Amino acid sequence: MEQHPTFHSGSHQNASREPPGSESSISPAPTPTPTPPQRTPSSSSLHKSSISSAHGHRSSFAENLRGLPSSPRSQRHPSFTQAAIQDLLNHPPVARQHNPRFAGRDWRDIAIGELITDDDVRWVELDTSVEDASMALVKNTTSNVVLIRENTTSTNPISTFDYSDLNAYVLVVVGLGQPPDDLVALYDDIAKRAQARDSIPLRDIQPLCRKETLVTLQGDEDLARAIEIFGSGIHRILVTNFQSEVVGILSQIKLMEFFWNEGIHFRVIDELYPKLMKELGVGSQQIIAVNSDSPLADALTLMNQEGLTSVAVVDNGLNVVGNISTADVRLLISAASLPLFQNTCMHFVSVILSERGVEQGKDSFPVFYVNPYSTLAHTVAKLVATHSHRMWVVESASPSPSTPSTPSLPPTVLVSNSTPASQSAVAGTHYPSPSVPASALPGSHLSGRLTGVVTLTDILNLFAKSTGLNPSDPNEQRARRRRSSSSSIRPSIDSSRPSIDMRR
């Protein structure tokens, strides 16, 4: 699913090679093996060569072997780290599917209606139960959202219901919600009704849900307008017809898939793909993560409080060992899943991988990280393949062992560990040690120390600016999501020190 650079063996390899066994042939006057350009034999080889020339006797077979320069292959600097090579072996590149109808066109003039389908739209009503709305959400794998309308005859959405809203509801039901003073009674009422298995309509939980601005565009609007909106931090756009009826949903990931598959038709975009993430400077060094030993409740609460769709799971050395997203909350909506809240994040990661293996019929360990020396193409391919909103950036050595890694400012990493608030939320709860150690998961040893994050918003913002558009600062939208939380929010990353801060 990913695109990778083609391996080249280097300029030192000749187009033709000596036949096998030619290196061991003995001649009266051995000719020194020519060295590759910009390569010099070792000092020991020069010393032995001078001794051989000083004496007029025939060189022995052993002396010939000792006098040969070291193999250029042993001196060649690898162009990929071991982790990158292993990642390439695990995820071989897959050819992109290009649509010829976009060839020769300026992407900024393509209408957004050309990228949507009717399957994107799923409706529920305000009086639909949360349980039924959750089932509709799980079934809608194309857009991961359902639209809420007043009644079945209405065509105008008044709100949305997505996995972030489901996460907020689940936290309240299991007693982990942190309501402001004016919503304490509502939180208690919803928790009691859920535990009594009463039907709760979406209308009653609206104060719990975090509301993102509903942005609508007509289907004949061009992609230039859409990418400016997405590059500003908005995650989805409702597409309407001339009668203002919603006929589709355009999301950030769908637009990213378009640019990945059709980028070859758009020169400005295609020229960005071979560049390294380090060169482009996209992403952020401000990261929020959760410790693998922390209870799952910490990760869910953290995403709800900070308005995030996923968090990195790290070990005590800040090495990325997994990823938990709001979409994984679908595994927590049955009563049988209640014990998962009492276990660790690392255990839940193993549950996610097991569930994915059942769905796909094979073992799966999706890679949610890149490094500063990954190309933009490599990063976008991973985002598209995993349908993720973000990739974690991990520390990586320089591709050349003789070149030290470039120093950079230390990242700000807020790592949530077991917090008293989450532990006391459920009376009598005990959080055991990890059921599955991080080192036991396949592929975990291939990651590295967490140093940053790059999101779909960051890359779409880059695409917009590279073509002369002017998206607004996405940090404004991110701050708005945190402010709109109905929970009491812990100190955010904006006020943290520029160093690694381990939350205890």
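Basis of the calculations
- Residues numbered from 1 in each chain as written.
- Predicted model: local features only at pLDDT ≥ 70, side-chain atom pairs only at ≥ 80, totals over all residues.
- Heavy atoms only, no water.
- Helix = DSSP H or I, 4+ residues; strand = E, 2+ residues; numbered from the N terminus.
- Areas by Shrake-Rupley, 256 points an atom, 1.4 Å probe, with all protein chains shown as cover.
- Pairing = 2+ DSSP bridges.
- Axes fitted to C-alpha atoms, helices over the stretch in contact; angles between N-to-C directions.
- Buried < 20%, exposed > 50% of the residue type's maximum accessible area, 1.4 Å probe, protein only.
- Contact = heavy atoms within 4.5 Å.
- Polar contact = N/O pair within 3.5 Å; in protein donor to acceptor, adjacent residues only side chain to side chain.
- Salt bridge = Lys/Arg side-chain N within 4 Å of Asp/Glu carboxyl O.
- Core = buried A, V, L, I, M, F, W, Y, C linked by side-chain atoms within 4.5 Å.
- Phe/Tyr/Trp six-rings, centres within 6.5 Å; stacked < 30°, edge-to-face > 60°.
- 1 Å grid on protein atoms, 1.4 Å probe; cavity = no way out; pocket = protein on both sides within 12 Å on 5 of 7 lines; lining within 4 Å.
- Points joined across faces, edges and corners; volume = space filled by probe spheres on them.
- Nonpolar A, V, L, I, M, F, W, Y, C, P; charged D, E, K, R; others polar.
- pLDDT = per-residue confidence, 0-100.

Caption draft 1: Region of the structure containing the overall build of the protein. Along its length, the protein carries 18 helices and 14 strands. If you sum the accessible surface of the protein, you get close to 24,800 Å²; carbon and sulfur atoms cover 52% of it.

Caption draft 2: Quick look at the sheet that holds strand S3 (residues 159-162). Sheet architecture is open: 3 strands sit in the order S1-S2-S3, paired in mixed fashion. In this open sheet, the two strands that pair with only one neighbour each are strand S1 (123-125) and S3. When the angles between neighbouring strand axes are averaged without regard to direction, this sheet yields 40°. Summarising the sheet, strand S2 (residues 145-149) and S3 pair through 4 bridges and their orientation is antiparallel.

Caption draft 3: Representation of helix H6 (residues 163-173) within the structure. Here H6 lies mainly inside the structure; 9 of its 11 residues are buried. Listing the buried residues of H6 in full gives Tyr163, Asp165, Leu166, Asn167, Ala168, Tyr169, Val170, Leu171 and Val172. Each element contacted by the buried residues of H6 is listed here: helix H5 (130-139), S3, helix H7 (184-195), helix H8 (202-205) and helix H13 (296-306). By the N-cap criterion, in which a side-chain oxygen at the helix start approaches the backbone nitrogen of a residue two or three places on, H6 is capped by Asp162, the distance to Ser164 being 3.2 Å. Where H6 ends, the next residue or the one after it, Gly175, has phi of about 85°, a positive value.

Caption draft 4: Spatial organisation of helix H17 (residues 456-466). The element H17 is largely enclosed, with a buried count of 9 among its 11 residues. Among all positions in H17, only Leu456, Thr457, Asp458, Ile459, Leu460, Asn461, Leu462, Phe463 and Ala464 are buried. Positioned one or two residues after H17, Gly468 has a phi angle of 85°, which is positive.

Caption draft 5: Expanded view of the environment of Pro372. Take Pro372: it is sitting in the loop between strand S10 (369-370) and helix H15 (376-386). Judged by its relative accessible area of 23%, Pro372 falls in the partly exposed class. The spacing of Pro372 and Glu395 is 23 residues in sequence and 7.4 Å in space, taken between C-alpha atoms.

Caption draft 6: Highlighting the pattern of salt bridges. Per the stated rule, a full pass over the model turns up 11 salt bridges. We note a salt bridge from Glu150 to Arg203, for which the minimum N-O separation is 3.5 Å. One end of the pair, Glu150, is in the loop between S2 and S3; the other, Arg203, is in helix H8, with 53 residues separating them in the sequence. The class of Glu150 is partly exposed, set by a relative accessible area of 37%. For Arg203, a relative accessible area of 36% gives the class partly exposed. Residues participating in the shared-partner salt-bridge network are Asp127, Glu150 and Arg203.

Caption draft 7: The arrangement of the nonpolar core in detail. Counting 60 residues, the largest nonpolar core has Phe259, Leu376 and Phe463 as the members making the most contacts within it. If we skip the residues at most four places from it in the chain, Phe463 touches Ile227, Met256, Phe259, Ile269, Leu272, Tyr273 and Leu376. Of all hydrophobic cores here, the second largest spans 49 residues; its members include Ile148, Leu166, Leu208 and Ala299.

Caption draft 8: The arrangement of the packing of aromatic side chains in detail. Applying the stated criterion across every chain yields a total of 8 aromatic pairs. When the centroid spacing of 6.4 Å and the interplanar angle of 75° are considered together, the rings of Phe259 and Phe266 count as edge-to-face. Both residues of the pair, Phe259 and Phe266, count as buried. On the numbers, 5.4 Å between centres and 65° between planes, the contact of Phe259 with Phe463 is edge-to-face. One end of the pair, Phe259, is in helix H10 (residues 252-262); the other, Phe463, is in helix H17, and 204 residues separate them in sequence. We note that Phe259, like Phe463, is buried. One aromatic cluster is present, formed by Phe102, Trp107, Phe258, Phe259, Trp260, Phe266, Tyr273 and Phe463 through successive ring pairs.

Caption draft 9: View of empty space enclosed by the protein. The final tally for this structure, using the stated rule, is 3 cavities of 30 Å³ or more. By volume, the largest cavity amounts to about 90 Å³. In this structure, the largest cavity is lined by Thr160, Asp162, Asp165, Arg210, Lys211, Glu212, Thr213, Leu214, Val215, Arg236, Ile237 and Leu238. Those elements that place two or more of their residues in the lining of the largest cavity are S3 and strand S5 (236-240). Its residues assigned to classes, the lining of the largest cavity comprises 4 nonpolar, 2 polar and 6 charged.

Caption draft 10: Layout of the confidence of the model for the protein. On average, residues of the protein score 75 in pLDDT, and 63% of them are at 70 or above. For the stretch residues 400-410, pLDDT sits under 50, and the model shows 16 contacts to residues farther than four places along the chain or on other chains.

Caption draft 11: View of the environment of Val138. Within the secondary structure layout, Val138 lies in helix H5. Separated by 192 residues in the primary sequence, Val138 and Arg330 have C-alpha atoms spaced 7.0 Å apart.

Caption draft 12: Inspection of the side chain of Asn371 at higher detail. Take Asn371: it is sitting in the loop between S10 and H15. Residue Asn371 is classed as buried on the basis of its relative accessible area of 14%. A polar atom in the side chain of Asn371 sits 2.7 Å from the backbone nitrogen of Tyr373.

Caption draft 13: Structural context of the sheet that holds strand S11 (residues 390-394). What the 3 strands build is an open sheet, ordered S10-S11-S13; its pairing is mixed. Both outer strands of the open sheet, S10 and strand S13 (450-455), are each paired with one neighbouring strand and no more. Looking at chain direction, S10 and S11 are connected through 2 bridges and run parallel. Bridge assignment links Val370 to a residue of S11, and that residue is Val393.

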